[in-house]
Amino acid sequence: MSSTSMRTHQCGELRAEHIGQTVALTGWVGRRREHGEKLAFVDVRDHTGITQCVVDNDVDVRSEYVVRITGVVRARPEGTVNSTLPTGEVEVGECHVEVLRSAVAPPFPIDARTDDVDENLRLKHRYLDLRRERMQKNLRVRAAVNGAIRAAMERQDFVEVETPMLVPSTPEGAREFLVPSRKEPGSFYALPQSPQLFKQLLMVGGVDRYYQIARCLRDEDLRADRQYEFMQLDMEMSFVTQDDVLDAVSEAVLDAAEAIAGDRPPAIEHITWHDAMNRFGIDKPDLRFGMELVELTDAFVATEFKAFAGAESIKGIRVPARADEFGRNQLDKLTDKAKSIGAKGLVWMKVSADGIDSPVAKFLSEDELAEVGSRLEAEPGDLLLIVADEWMTTCEVLGTLRNDLGRPPVHEGPLKFVWVVEFPLFVGVDKETGHPKPGHHPFTTPHPDDVDKMISDPMSVRSIAYDLVLNGWELGSGSIRIHEPELQRRVFKVLGISDEEAARKFGFFLNPFDYGAPPHGGFGLGLDRLVAILAGEENIREVIAFPKTQSGADPMTNSPIEGDPKQLLELGLRVLPRVD
C-alpha cells in the first residue's frame, strides 16, 4: 500500500477485508453511471486498478477529472458483484468528492481497446495513452525487467559505468546521428550506436566486469522491433571465454523472465549458425513450433527432374494438416513469394490417402516420391513445400515460408531462448572494394580452428560471435574480441584495411591495446525487444513511454522540426536540397 497525505489506499487495493474502513482514494474518473435520481456510480482509476464509488447525483465530475474521494468501504449489494475486477466485491459509499483538477473530454476513450484508436492519435496524446491499463502494465514490466537485470549483474560482480553520448563516428554498420560542434565548425560528434569501443577500453583500464543499461541510437528505418533510440544491456568481461559471457548473460535474462512470468525458463540451449540455417532457414530461429527444414538433396542424386538435377541443395518443409487451405491462387502466391526471396521456383505437394498430388509428380519416380513422404513424415492432409537451389537460398526461402505459415503470435506458447554461436567471420563481398565484409565487426576473434583459412578460404572462417534469440526475435549479439595486434592485422588484411588506414580510423581505439589488453568479450542485449516479448506485445512501441512512429516522427512534440536559421548560422551550417 502506497499511502500519502492525500490518500489511504490506491484504487486497485480495496478488498472485502477493508469493509467498514474509512478510506481516501485519488485518481482519475473513468465511467460515470446514473443510479436513480439521487445517486451515481463513479469509477475512480489509477495505475493499480478501479474502485466503484457511490456519489450524490449532483456532484459535477466527468471523464478524466482528477479527484480525491473519501468514504466508507462496503460490500456491493447482492447480485451486483463484478467478478472481472479485483475490487469487484466492494464499493465506497458515503462519499465526499474533492475535484483536484477538471478536464476536457479526451480525444479517445481511455478504456477503449488500442485497436480501436488510430496510432498517430494515441502518440499525439501519449500522456493520455499512458493512462491505459495495458500501457501501465507494460511500463511496470519494463521496470521489473530492468530491476532484475541490474540485480543479476551486481550479483555477478559487474560494475556499472556510464559511457559518453558524444562520440567519434565509428564504422559499426548502421547510419549514425551526427551532432555539429559549435566550437569546431565543420566538425561533428556522433551519437553512440553502442558503447562498443569504450567498454573495450574499460577492459584495458582494468575494470574487469562492466555493465550499463545504455541508450543507443541508430539512424535506420523503423519497424516493429526497431526504433531510432533503444535501450541496451551492455556488458563486457575480461579473462573470459565465450561460455563465461553466455553464462553471465543467461543468468540475467532468465532472472528477468522469471520476474515477469513467475517460472524460470530452462537452461538456454546452444546451436551453431550453420545448424540454425540448416534446420530453420534463419539465424534467429523460433523454437516454439516445428516445421523444420528437412534435407532431401541425396534423395535426388539420380533424378531426371531437371529442376532438381544438379542442385546444390534440396530441402523441404511439412505444413501439417493444411493442404485443404491452399487452392491454386494461394499456392501461386507462395511460389511468387519464394521467387521474390531469390528462389528459381517452389515445388508443392498435397498429401492424401491416395498418395501425393503435385504438378511435378509425373517427373518423379515412385521411389523419389516415397522418399520425400518418408523423410518429411507426411500424413494425409499435409502440404509439402520443396526448394532446390544454392544452399543459402534454399535455407532462406524455406525459413521465410516456415515463419509465414507456422509462427504463432508473440504472446502464445512458452518462452524459447536459444544461443546461436559460430557465426561466419565474413559475410559477402563489398562490391566497391572486392574484399569480404565483416559479419559482426572487425574486432571479432576468428575461431581458433579456422585462423589458417583466412587467406585461402575466408568465407568459411567461423567467428567467436554469438546471438541470443527469444521466440524468433534477435535480442542481441556479442563476441570475444581480438586483443592481439598480429591477429588484428591479419583480419584487417582480409578486409582490405591497410596499416595506415587502420591507424587513421582506429588508432585511438587500438593504440591503448599496446599497453596490455586482457582477453575479453561482451554482449549487447536489446531491452525493448525483451520487454515486448515478456509483455506479449508484437511492437516495441507498446513498451516505450514516448516512441517514434514508423516514419520516425513524434506527433506529440511535432519533431523533427526545421533548424532555426540563427542556430544553423552559429553552427556554420546551411541546408541544401535533398539528393536521393
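Above this text sits the structure in question.
Enquirer: Help me understand helix H5 (residues 242–261), please; the structure alone is not making it clear to me.
Expert: Along an α-helix, a turn takes 3.6 residues, which lines up residues three or four apart on a common side. For H5, built from 20 residues, the straight-helix expectation of 28 Å at 1.5 Å per residue is met to within 8% by its first-to-last C-alpha distance of 28 Å. Taken as a whole, H5 has its buried residues at Gln242, Val245, Leu246, Ala248, Val249, Ser250, Ala252, Val253, Leu254, Asp255, Ala256 and Ala257. Looking one or two residues past H5, Gly262 carries a phi angle of roughly 95 degrees, positive in sign.

Enquirer: Would you take a moment to explain the nonpolar core for this structure?
Expert: Generally speaking, a soluble globular protein has its nonpolar side chains buried in company with each other. Of all hydrophobic cores here, the largest spans 47 residues; its most connected members are Met235, Phe417, Leu468, Leu525 and Leu530. If you tally residues by element for this core, the top one is H5, at nine residues. Excluding residues within four positions of it along the chain, Leu468 makes contact with Val249, Val253, Ile268, Phe417, Val418, Trp419, Trp473, Glu474, Leu475, Gly476, Phe523 and Leu525.

Enquirer: Where do I start with the side chain of Asn471 in this structure?
Expert: Here Asn471 is to be found in the loop between strand S20 (465–470) and strand S21 (473–480). Only 2.8 Å separates the side chain of Asn471 from the backbone nitrogen of Lys416, close enough to count as a polar contact. Discounting chain neighbours no more than four positions away, the residues touching Asn471 are Asp286, Arg288, Arg407, Val410, Pro414, Leu415, Lys416 and Ile533.

Enquirer: Sorry, what's going on with the packing of helix H6 (residues 273–280) against helix H9 (residues 391–406) here?
Expert: Each pair of packed helices gets described by two things: the angle between the helix axes and the distance between those axes. Contact geometry of H6 with H9 gives a least axis separation of 8 Å together with a crossing angle of 60 degrees. As the angle between them shows, H6 and H9 are arranged oblique. Listed contacts from H9 to Trp273, His274, Met277, Asn278 and Phe280 of H6 are Trp391, Met392, Cys395, Glu396, Gly399 and Arg402. When the residues that make up the contact of H6 with H9 are grouped by side-chain class, the tally is six nonpolar, three polar and two charged.

Enquirer: Explain the pattern of salt bridges here, please?
Expert: Once the charged atoms of two side chains with opposite charge are near each other, the side chains can pair. Counted according to the given criterion, the structure contains 45 salt bridges. Glu422 is the partner of Arg462 in a salt bridge, and the nearest nitrogen-oxygen pair spans 3.1 Å. On the criterion of sequence distance, the pair formed by Arg462 in the loop between strand S19 (436–438) and S20 and Glu422 in the loop between strand S17 (417–421) and strand S18 (426–429) is long-range, its members being 40 residues apart. Residue classification places Arg462 among the partly exposed residues on the basis of a relative accessible area of 26%. If you follow the salt bridges from partner to partner, you end up with Arg122, Arg126, Asp129, Arg132 and Glu542 in one network.

About the thresholds
Residues numbered from 1 in each chain as written. Predicted model: local features only at pLDDT ≥ 70, side-chain atom pairs only at ≥ 80, totals over all residues. Heavy atoms only, no water. Helix = DSSP H or I, 4+ residues; strand = E, 2+ residues; numbered from the N terminus. Expected span 1.5 Å × (residues − 1). Buried < 20%, exposed > 50% of the residue type's maximum accessible area, 1.4 Å probe, protein only. Core = buried A, V, L, I, M, F, W, Y, C linked by side-chain atoms within 4.5 Å. Contact = heavy atoms within 4.5 Å. Polar contact = N/O pair within 3.5 Å; in protein donor to acceptor, adjacent residues only side chain to side chain. Axes fitted to C-alpha atoms, helices over the stretch in contact; angles between N-to-C directions. Parallel < 35°, antiparallel > 145°, perpendicular 65-115°, else oblique. Nonpolar A, V, L, I, M, F, W, Y, C, P; charged D, E, K, R; others polar. Salt bridge = Lys/Arg side-chain N within 4 Å of Asp/Glu carboxyl O.

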